[in-house]
Each structure stands twice: as structure tokens, then as C-alpha cells.
Amino acid sequence: MTRRSIGLLTPSLLSLALATACGGKDPQSDDTGMGGTEGTGTSADESSDGTMGMDDDSGDPPLSCGDGVLDEGEECDGADFGGLSCADFGGDAGQLACSACQIDSSGCSLRPATHFGDGSSWALPDGGDALDGFYALAGFEWEVGDQSWSTTDLTGDGRPDLIITNIDGMPILGGGDPYWWIYPNTGDGFGERATWALPEGGDAIDGFYALGGSEWEMGDQSWTTTDLTGDGLPDLVITNIDGNPILGGGNQYWWIYPNTGSGFGERSTWALPEGGDAIDGFYALGGSE
């Protein structure tokens with residue numbers, strides 16, 4: 001039998017043999033190939049489908065950034081902030097911005113705090129409750145010497161005036177005619193008292209004892225004060241008598257006393273359609289079946 005002789009392997013040949021046995025990679029080489037040369041395998045930055053992925057530590061936005069759809073790895077994309085707003089960043093005004101799919105909250109801000117200014121005293125006339133004066137913006141008489149009052153803009157300047165509507169539950173009379181006392185709002189208090197002429201009517205005994213009232217007994221009217229004519233001045237509106245519609249010629253009416261700026265003017269009739277309550281018609285400015 002012929003014997004084959006095998007020569008001794010040199011270190012380089014031994015290295016090559018070991019590389020072949022290990023799948024073709026020289027164990028002395030680096031990860032990029034033999035001898036430090038770039039190999040032909042898939043690199044760390046190359047995905048399995050052959051496309052290059054982004055290094056998470058690079059600081060660059062994902063490839064999908066800018067498509068207007070919020071994807072994984074993005075804080076925002078276009079106008080899509082994932083439901084977040086300035087409120088989530090401590091603001092209550094402004095808008096979020098999206099820069100390289102990262103949220104920029106520099107456009108958010110806090111609205112200026114609102115508060116009351118320094119206090120001031122508001123001069124009041126004599127009157128109101130006999131003991132406690134004008135203890136509230138409105139009050140109603142309970143005992144002898146009390147007045148009923150309210151604060152509403154009767155003169156049409158946008159400032160609520162102080163209005164005295166009765167004394168001891170009775171109409172304020174001057175020369176036999178009923179009045180309200182008006183203290184006009186001056187912006188820093190109430191001015192000199194003026195009389196506000198009233199027509200006959202209202203409660204059968206107490207007249208127009210308040211800015212609005214409803215009938216309770218025979219002879220009573222229901223009334224309210226509201227700007228029905230659209231000139232910014234509240235008019236006096238009578239909506240029923242004895243709980244019944246005001247009728248004229250078979251038609252239903254309201255009586256309107258227009259606000260003149262210093263009192264209520266001549267009465268006019270305000271035609272109403274059929275309807276309202278089946279019996280009492282439109283007995284008030286609003287009603288329910």
C-alpha cells in the first residue's frame with residue numbers, strides 16, 4: 001500500500017484551513033471580512049430585506065417621517081400629535097409644532113392671569129331694607145319701612161341702575177300717579193334720584209311693585225320688562241289681565257309701554273297669532289304646556 005505523505009502546514013495555511021472549516025471566515029479577521037477588508041455578508045446597518053435602516057442613536061428622524069401619519073418612533077408627524085395639545089405641556093394657549101417628527105412646545109404659553117383690581121367704595125343712597133339697607137343687588141320688602149329694589153339697565157347705557165319699585169309694598173305715588181325711583185349708574189356710584197312714570201295697572205292693589213309680576217287675584221295683570229322694540233331699552237309689557245288673554249276685535253294682544261329713556265310712553269297693542277295655552281293663550285313671554 002502506497003503511503004501518502006502530508007507535509008507540515010505553515011501558520012498561514014493552517015489559518016486558511018481553519019477558516020474554511022468554520023464557514024469561510026478567518027477567525028483572525030474582524031467582523032467586516034478577512035484581514036480587515038469589508039466582507040460580502042449583511043452588515044449591521046442593513047436590514048434583512050436589503051434596505052438600510054436608521055441607526056436609533058443617530059438623531060435622524062425615521063424614514064417614515066413626513067408622511068403625515070404618526071408611526072412608531074415619532075412624537076408627531078405633520079398635524080398629527082397623537083391627541084396631545086399645549087395643555088399636556090403646561091400651557092393653556094398657543095399651538096404645538098412638529099419639527100423632524102419631534103414635538104416643539106415653544107409656541108405654547110399661559111394666558112395672562114385675570115383678577116379683580118383694587119377695591120373701591122360705591123356710594124349708595126338711603127333706602128333699601130329698613131334695617132340692613134341695600135344688602136344685596138336686589139331685595140323685597142318684608143316689614144314696614146322696607147323698599148323693594150333691583151339693579152338693571154333701565155336707561156339703556158349698558159350700566160345697571162338702582163331701581164326702587166315700591167315702599168312698604170305699596171306704589172310710590174306723586175301727584176296721584178305711580179312712579180319708580182331710579183338712581184342712574186354713573187360708573188362709580190349712583191347719581192341723583194329721578195322719577196320714572198308708570199301707567200295704571202300691574203297688581204290691582206300694589207301696582208307695578210317689581211320689574212315683573214304675575215296675576216294672583218281678580219283685576220291683576222301679568223307684566224315684565226324686556227326690550228321688545230329692539231332699541232336697547234327695556235319696555236313694560238302687559239301679557240294678560242286676570243290670567244286671560246287681552247282681546248280686541250276677537251284678536252289676542254299684548255300691551256306695550258315703550259321705554260322713552262325717562263319713563264314709559266303711550267300704550268300700543270302688539271298683535272299675537274293664534275296659539276299658546278289652549279285657554280289663556282300667550283299669557284307670558286314664555287310658557288310650557
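Rules of the game
- The numbering scheme is per chain: residues are counted from 1 as the chain's sequence reads.
- Predicted model: local features are reported for residues with pLDDT of at least 70 only, side-chain atom pairs are reported and counted for 80 or more only, and whole-chain, interface and lining totals are derived from all residues.
- Excluded from the side-chain calculations are hydrogens and water; all other atoms, namely the structure's heavy atoms, are used.
- Going along the chain from the N terminus, every DSSP run of H or I of four or more residues is numbered as a helix, and every run of E of two or more is numbered as a strand.
- A contact between two residues is defined here by any heavy atoms of the two lying within 4.5 Å.
- Areas reported as accessible are Shrake-Rupley estimates using a 1.4 Å probe. Residue values count occlusion only from the protein chains shown.
- Residues form patches when they are more than 30% accessible in relative terms and have no salt bridge. Like charges link within 9 Å. Nonpolar side chains (Val, Leu, Ile, Met, Phe, Trp, Tyr) link within 5 Å.
- The term salt bridge refers to a pairing of a side-chain nitrogen on Lys or Arg with a carboxyl oxygen on Asp or Glu at a separation within 4 Å.
- Type-normalised accessible area, obtained with a 1.4 Å probe on protein chains alone, sets the label of each residue: buried when under 20%, exposed when over 50%, and partly exposed for intermediate values.
- For this analysis, a nonpolar core means a set of buried residues of the types Ala, Val, Leu, Ile, Met, Phe, Trp, Tyr and Cys, connected via side-chain atoms within 4.5 Å.
- Per residue, pLDDT captures the predictor's confidence, and it can take any value from 0 to 100.
- Within this scheme a cavity is a closed region of a 1 Å grid, computed over the protein atoms alone, that accommodates a 1.4 Å probe without allowing it to escape, whereas a pocket is open but has protein on both sides within 12 Å along at least five of seven lines; lining residues each have an atom within 4 Å of a point.
- Grid points are joined across faces, edges and corners, and a volume is the space filled by probe spheres set on the points.
- Residues were grouped as follows: Ala, Val, Leu, Ile, Met, Phe, Trp, Tyr, Cys and Pro as nonpolar; Asp, Glu, Lys and Arg as charged; and all remaining residues, including Gly, as polar.
- When two cysteine sulfur atoms lie within 2.5 Å, the pair is treated as a disulfide.
- Only four residue types enter the tally: Lys and Arg on the positive side, Asp and Glu on the negative side; His and the chain ends are excluded.
- Pairs of N or O atoms are called polar contacts if they sit within 3.5 Å, as long as, within protein, a hydrogen donor faces a hydrogen acceptor (for residues adjacent in sequence, only side-chain-to-side-chain pairs).
- Note on aromatic contacts: the rings of Phe and Tyr and the six-membered ring of Trp form a pair at centre separations within 6.5 Å, being stacked when their planes are under 30 degrees apart, edge-to-face when over 60 apart, and tilted otherwise.
- When the NZ atom of lysine or the CZ atom of arginine is within 6 Å of a ring's centre and also within 35 degrees of its normal, the charge is said to sit over that ring.

## Some thoughts on the overall build of the chain
- Secondary structure summary: the chain contains one helix and 14 strands in total.
- In the chain, once contacts between residues fewer than 6 apart in sequence are set aside, the share between residues at least 24 apart is 29%.
- A total of about 18800 Å² of accessible surface is found on the chain, and carbon and sulfur atoms cover 53% of it.

## As for a nonpolar patch on the surface
- A grouping of Tyr135, Phe140 and Trp142 is seen on the molecular surface, where their side chains present a nonpolar patch of about 400 Å² in accessible area.
- Take Phe140: it is sitting in the loop between β4 (108–109) and β5 (147–152).
- Residue classification places Phe140 among the partly exposed residues on the basis of a relative accessible area of 37%.

## Details of the nonpolar core
- Trp180, Trp196, Phe208, Leu236, Ile238 and Phe264 are the most contacted members of the largest nonpolar core, which has 17 residues in total.
- Where this core is concerned, the elements lending two or more residues are β8 (177–183), β11 (235–241) and β13 (251–257).
- Other than its neighbours up to four places away in sequence, Phe208 contacts Thr165, Trp180, Leu198, Pro199, Glu200, Gly201, Gly202, Gln221, Trp223, Leu236 and Ile238.
- Within the second largest apolar cluster, eight residues are counted, among which are Phe134, Leu162, Trp181 and Phe190.

## With respect to the confidence of the model for the chain
- Counting all residues, the mean pLDDT for the chain is 80, and 79% of those residues have values of 70 or more.
- Considering only residues more than four positions removed or in separate chains, one finds that residues 1–56, a stretch of pLDDT under 50, has 27 contacts.

## Observations regarding empty space enclosed by the protein
- One pass over the structure, following the stated rule, counts one cavity of 30 Å³ or more.
- In this structure, the largest cavity encloses a volume near 30 Å³.
- When residues in the lining of the largest cavity are grouped by element, the largest group, three residues, is from β8.
- For the lining of the largest cavity, the per-class residue count stands at seven nonpolar, two polar and one charged.

## Brief notes about the state of the cysteines
- The full count for this structure, using the stated rule, is three disulfides.
- The disulfide that involves Cys76 links it to Cys98, with 2.1 Å between the sulfurs. A torsion of 95° about the S-S bond marks the disulfide between Cys76 and Cys98 as right-handed. Separated by 22 residues along the polypeptide, Cys76 in the loop between α1 (11–21) and β1 (93–94) and Cys98 in strand β2 (residues 97–99) bring together distant segments of the chain.
- The exposure class assigned to Cys76 is buried, which follows from its relative accessible area of 0%.
- Looking at the chain, its bonded cysteines, counted consecutively from the start of the sequence, adopt the pairing 1-5, 2-4, 3-6.

## A short note on the environment of Gly128
- Assignment of secondary structure puts Gly128 in the loop between β4 and β5.
- In this structure, the C-alpha to C-alpha distance between Gly128 and Gly139, residues eleven residues apart in sequence, is 7.4 Å.
- Apart from the residues within four sequence positions on either side, Gly128 is in contact with Gly133, Phe134, Gly145, Asp146, Gln147 and Trp149.

## Here we look at the side chain of Asp161
- Among the secondary structure elements, Asp161 is positioned in strand β6 (residues 161–167).
- At 6.5 Å, Arg159 is the nearest oppositely charged side chain to Asp161, a buried residue that forms no salt bridge.
- Here the side chain of Asp161 touches Asn185 through a polar contact of 2.9 Å, landing on its backbone nitrogen.
- Those residues within four positions of Asp161 in sequence are excluded, and the remaining contacts are Ser150, Thr151, Thr152, Asp153, Leu154, Thr155, Ile182, Tyr183, Pro184, Asn185 and Phe190.

## Here we look at the packing of aromatic side chains
- Using the criterion set out here, one finds nine aromatic pairs in the structure.
- Ring geometry for Trp122 against Phe190: centres 6.0 Å apart, planes inclined by 70°, an arrangement best described as edge-to-face. Linking Trp122 in the loop between β4 and β5 with Phe190 in the loop between β8 and β9 (194–197), this pair joins segments that are 68 residues apart in sequence.
- Residue class for Trp122 comes out partly exposed when judged on its relative accessible area of 38%.
- Three or more aromatic residues joined by ring pairs form one cluster here, namely Phe140, Trp142, Phe208, Tyr209 and Trp223.
- The ring of Trp181 has Arg193 lying over it, and the distance from NZ or CZ to the ring centre is 3.7 Å.
- Above the ring of Trp255, the side-chain terminus of Arg267 is found at 3.8 Å from the ring centroid.

## Looking at the environment of Pro184
- The topology assignment puts Pro184 in the loop between β8 and β9.
- The class of Pro184 is partly exposed, set by a relative accessible area of 28%.
- Once the C-alpha coordinates of Pro184 and Asp157 are considered, the two residues, 27 residues apart in sequence, prove to be 9.6 Å apart.
- Those residues within four positions of Pro184 in sequence are excluded, and the remaining contacts are Asp161, Gly189, Phe190, Gly191 and Glu192.

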